[in-house]
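Next come the chains, spelled out residue by residue.
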Amino acid sequence: MSMDHEVEKHYAQLLGLGSPWEVKAVDLKVKEKRVEIELGWQWGAWAQCPECGCECSVYDCAAERTWRHLDTMQFETVLRARTPRANCPEHGIKTMRVPWAEPGGRFTLLFERFAIAVLLASGSISQACGLLGIGWEAAQEIMRRAVSRGLEARELEELRYMGMDEKSFQRGQSYVTVLTDLEEGRVLEVVEERTQAAANEVWDTLTAEQKGAVEAVAVDMWEPFLRSIEEAVPQAAIVHDRYHVSAYLNKAVDQVRRQEHKELLAQGDGTLTGTRQLWLYNPENLTAEQSDEFDRLKDLNLKVGRAWAAKEMFSQFWDSVTEGGARRFFTRWFGWVSRSQLKPIVEVAQMLKRHLDHLVTYASHPISNGVTEGLNSKIQSLKSAARGFRNFANYRIRILFFCGKLALYPQ
Ligand SMILES: [Zn+2]
């Protein structure tokens, strides 16, 4: 059935339509719980060329298209129109832009805005799809368009501190390279693989001026990344990420514990049984009971106790306020660790020594990928939440949609 003229006026207002666009008819399909709004171009009005905006004659009308609009009282609402094709003397025959949707979009701008808000608020694609009554592919399409709008509008002039990191993808079978703006806490780009070529590719998404302004990059000791940083942003200080360094030290402490535990067990001594977490946790996070147990263990002059002390001592390295001070601290620490003869710890110390030039830079540029680690859990939840990750392009869109801090909404 067709509704009265007031309803047509109402929809015209709602859509922000003005002459020569008009609402021709509103069809209410009660059985299908659907409202169809037919839009038309007033006969005789000039068309506008989508390329140059000049007024030209209407050549004909394109085939009818539909756009999903915001529901009306739980009635699915759809716009229908045949868009005029302008006959531009310069650009030829071109389909006009419509004011309610972006070129090629299957949804109205209002619907896209609302869908983006629901996606961001729910943080879950499947939940948003349920709320919006759209399919997974439609949601992906809305996110893709939002991200490409955002990337176009993104102003990156202020990039000073960057983070380069890897993330596992497809259940850890492969990796992606992630470039982060540490000051804004946002992901700038994601590229497949963690090779030097991949790292070069993320740098290539920045302009020459942007690259020239980068002051420092936080990164693990992964050689391909280091080489790409030296090539792409040679003026930038490389700052090895302190979280990766503590992970190496923790791993070494654990190796010392495992070896010593094995030796003790061979002599029937179960001192280290069930103590793994005590040596790895931050002492502040231990319960009172664990804390007592840990104090007792530390007094036993165990190898793992000395390894743990070496790790703890190293945390002071990050408090150095000058690069010279950091070097002096490292020399003392390295000497002490070398005398300890704890092989796993000595090996990490030697690795740190090789990379010392890129560790002392922390005193001048106290940056780390801690920000990235925060984004990491967000990325992780995206990864585990939904299907479609066999496709890298979808994965990238999701990361940029949820972690890119982009201007996602259509204008
Ligand atoms: Zn034109």
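For the structure, see preceding data.
Keep in mind that what you see is a predicted model, and the values were worked out from it rather than measured. (Residues numbered from 1 in each chain as written. Predicted model: local features only at pLDDT ≥ 70, side-chain atom pairs only at ≥ 80, totals over all residues. Heavy atoms only, no water.)

### Notes on the coordination of the zinc ion
The protein atoms donating to the zinc ion are Cys49 (SG), Cys52 (SG), Cys88 (SG) and His91 (ND1), with metal-donor distances spanning 2.1 to 2.3 Å. For the zinc ion, the four donor atoms in the first shell make angles of 104 to 112° at the metal, so the coordination geometry reads as tetrahedral. Of note, the zinc ion draws all its donor residues from one chain, in the sequence arrangement C-x2-C-x35-C-x2-H. Here the residue Cys49 occupies a position in the loop between strand 3 (47-48) and strand 4 (55-61), and His91 occupies one in the loop between strand 7 (84-88) and strand 8 (92-95), the gap between them amounting to 42 residues. (Donors = N, O, S within 2.8 Å, 3.2 Å for Na, K, Ca; no water. Tetrahedral: all angles 85-135°; square planar, octahedral: opposite > 155°, others 65-115°. Helix = DSSP H or I, 4+ residues; strand = E, 2+ residues; numbered from the N terminus.)

### What to know about the sheet that holds strand 8
To summarise the sheet geometry, strands pair through backbone hydrogen bonds and adopt either a parallel or an antiparallel arrangement. In space, the four strands of this open sheet follow the order 3-4-7-8, with antiparallel pairing throughout. In this open sheet, the two edge strands, each paired with only one partner strand, are strand 3 and strand 8. Where strand 4 and strand 7 come together, four bridges link them in antiparallel fashion. Bridging from a neighbouring strand, Ser57 pairs with Asn87 of strand 7. (Pairing = 2+ DSSP bridges.)

### A look at the pairing of strand 11 (residues 186-192)
For strand 11, the tally of buried residues reaches six of seven residues, placing the bulk of the element in the interior. With six bridges connecting them, strand 10 (residues 174-181) and strand 11 associate as antiparallel partners. Along strand 11, the bridge assignment pairs Thr180 with Val187. Hairpin connection from strand 10 to strand 11: four residues lie between these consecutive antiparallel strands, with Gly185 at a positive phi of about 60°. (Buried < 20%, exposed > 50% of the residue type's maximum accessible area, 1.4 Å probe, protein only.)

### As for the environment of Ala326
Along the chain, the position of Ala326 falls in helix 12 (residues 323-340). It is 30 Å that separates the C-alpha atoms of Ala326 and Thr177, two residues lying 149 residues apart in sequence. With residues near it in sequence (within four places) discarded, Ala326 still touches Phe317, Ser320 and Val360. (Contact = heavy atoms within 4.5 Å.)

### As for the nonpolar core
Counting 45 residues, the largest nonpolar core has Phe314, Phe317, Trp333, Ile345 and Leu352 as the members making the most contacts within it. Secondary-structure elements contributing two or more residues to this core are strand 12 (216-219), strand 13 (237-240), helix 8 (242-266), helix 9 (276-280), helix 10 (288-298), helix 11 (303-314), helix 12 and helix 13 (343-354). Of all hydrophobic cores here, the second largest spans 36 residues; its members include Ala115, Met143, Val187 and Leu400. (Core = buried A, V, L, I, M, F, W, Y, C linked by side-chain atoms within 4.5 Å.)

These values are about where atoms sit, not about what they do.
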